[in-house]
Amino acid sequence: MPAMKIEIVVNPTATAHEFADVELHVPGRAKPHVLDVGFSEILKRAPAVSSKAFDFFTITAVVYGIDKAVSREDHADDDWTRDLNVTIPVSDAQCWRAIAPALSECVSFVTGDNWRIRFAESQRTLVQKRVRRRRVRFIPLFGDAAALFSGGLDSFVGAIDWLTRNSKGKLLLVGHHDRAVKGPKADQLALLGLLKRRFPMRVDSLQVRVGLKEKGDEISFRSRSLLFLGLACYAAEKLGPGVPIIVPENGAIALNPPLTASRRGACSTRTAHPQFLRQVQAILDAVELDHRIENPYEFATKGELLTRCENASILREGYKLSVSCAKSGHTYHWKNRKAKSCGRCVPCLFRRAALHAVGLDDEVYGYDVVDASMSSDEIASDLNAVLAFVRRRPDANEIARILTANGPVPLDKQRDYVAVIERLIDELISWLGGKAPRSIRELAGIKAN
């Protein structure tokens, strides 16, 4: 299948929320997809930043829009890997052209596709002024660091830990939501309310809507983490030079090793993989955006992240408000449709093992995979993959090979990454051994005590 060329057209005459209509013209479509950017949310807090930070946000928004618009099933020979060519209008095309190959490689790595990204000088202004009847109050952002805030458990603990360790510091939490995806905005707001109450005058937030005005054809959304970083960089640039960008993600999920040979590619995401974060850092450095990307949990399992949380009281108060599920909102086929999480995807399984480590595995799920009454057809492939992985008990050499299958890792850190996966297996064994029925334990090769 030949590479798909997506044309980007900026239409300044049709504006919405002060952001020009950015049209994504996909071959074979009668109408273009239009980016849905709630830019007024940004303008109320950060009306002007460097052109490079604005360009980077624009690039990540366009990539996210294309990622949603182009179906893998319809536009990939293997139903997964798409070949995508796009030229993105930016304010400083010469600057971005110098790193176009590196950016293309970065986006290809995180989405699992083949991207070729070029840049052209923007002929039209993306931010469109509109006449206001009333003056809008500008409330500047504040914070000594900008942290990604998804509404998940890791980002919640990341905020708790940073605010506790930096007793006089202020933290800006940057969230993204998509009108086509129910859940994340409400999850973020619920946790933000708790954090602002427990850390008064020290927590600020910026939640921005980015997506497509009409529903896209693809639901994998691998580029969402790049969009998060684009938003965080924009916010950090407004806070000042040298402000760090914190990406709170436990090492096991960041590495996300393919649990079985058949799960390479589609099932092994790289949304916070160390290689991806290094690639983004290199891009920021190349265009002189002075912000360091930090993952404080790079060498921790999710269970260790919870066990070491700096304030167990706040964790216990708020953990049920967070959602880690990869299929949140898709409740139609769940056994318990009132649950917030499916209970069967890998993030849910890792979450349960981590919560078990701190005595908090008491949530309600769409499926309770350690319920003895579960039928075989209710046990999803993710659980079978986890059980097979635990049963194999791979040694350090095999784990190193498995990790390499999902992306390069530095040799000087390889042993530390391997150790994270070894401890993840121990967490899963502890949870399954303590909670699972005999039939599940046998599939995992766990002997009865």
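Overview of the structure.

### Some points on the side chain of Gln281
Line of reasoning, step 1. Position of Gln281 relative to the elements: it lies in helix α10 (residues 274-286).
Line of reasoning, step 2. Other than its neighbours up to four places away in sequence, Gln281 contacts His291, Arg292 and Ile293.

### A look at the side chain of Asn256
Line of reasoning, step 1. In this fold, Asn256 is placed in the loop between α9 (251-255) and α10.
Line of reasoning, step 2. Residue Asn256 is classed as buried on the basis of its relative accessible area of 9%.
Line of reasoning, step 3. Here Thr269 takes part through its side chain, which lies 3.0 Å from a polar atom of the side chain of Asn256.

### Overview of the environment of Asp67
Line of reasoning, step 1. Relative to the assigned elements, Asp67 resides in helix α2 (residues 51-69).
Line of reasoning, step 2. Between the C-alpha atoms of Asp67 and Gly216, which are 149 residues apart in sequence, the distance is 8.7 Å.
Line of reasoning, step 3. If we ignore the near neighbours within four places in the chain, the residues touching Asp67 are Arg72, Arg82, Thr111, Glu218, Ser220, Phe221, Arg222 and Ser223.

### Some details on the pairing of strand β8 (residues 203-212)
Line of reasoning, step 1. The element β8 is extensively covered by neighbouring structure, given that 10 of its 10 residues are classed as buried.
Line of reasoning, step 2. In β8, alternate side chains face the same way, and those of Val203, Ser205, Gln207, Arg209 and Gly211 on one face and Asp204, Leu206, Val208, Val210 and Leu212 on the other are all buried.
Line of reasoning, step 3. Bridge analysis of strand β3 (residues 33-37) against β8 gives 3 bridges, and the strand direction is antiparallel. Its bridge partner lying in β8, Asp36 is registered against Gly211.
Line of reasoning, step 4. Across 7 bridges, strand β7 (residues 171-177) lies against β8 in parallel orientation. Note on β8: the bridge partner recorded for His177 is Arg209.

### So, the pattern of salt bridges
Line of reasoning, step 1. Taken as a whole, this structure holds 30 salt bridges when the rule is applied.
Line of reasoning, step 2. For Arg179, the salt bridge is made with Asp36, and the minimal N-O distance between the two is 2.7 Å. Placement of Arg179 in the loop between β7 and α7 (184-198) and of Asp36 in strand β3 is noted, with a sequence separation of 143 residues between them.
Line of reasoning, step 3. In this structure, Glu398 and Arg392 form a salt bridge, with 3.0 Å as the shortest nitrogen-oxygen distance.
Line of reasoning, step 4. Here the salt bridges share partners, and the residues they tie into one network are Asp67, Arg72, Arg82, Asp113 and Glu218.

Definitions and cut-offs
- Residues numbered from 1 in each chain as written.
- Predicted model: local features only at pLDDT ≥ 70, side-chain atom pairs only at ≥ 80, totals over all residues.
- Heavy atoms only, no water.
- Helix = DSSP H or I, 4+ residues; strand = E, 2+ residues; numbered from the N terminus.
- Contact = heavy atoms within 4.5 Å.
- Buried < 20%, exposed > 50% of the residue type's maximum accessible area, 1.4 Å probe, protein only.
- Polar contact = N/O pair within 3.5 Å; in protein donor to acceptor, adjacent residues only side chain to side chain.
- Pairing = 2+ DSSP bridges.
- Salt bridge = Lys/Arg side-chain N within 4 Å of Asp/Glu carboxyl O.

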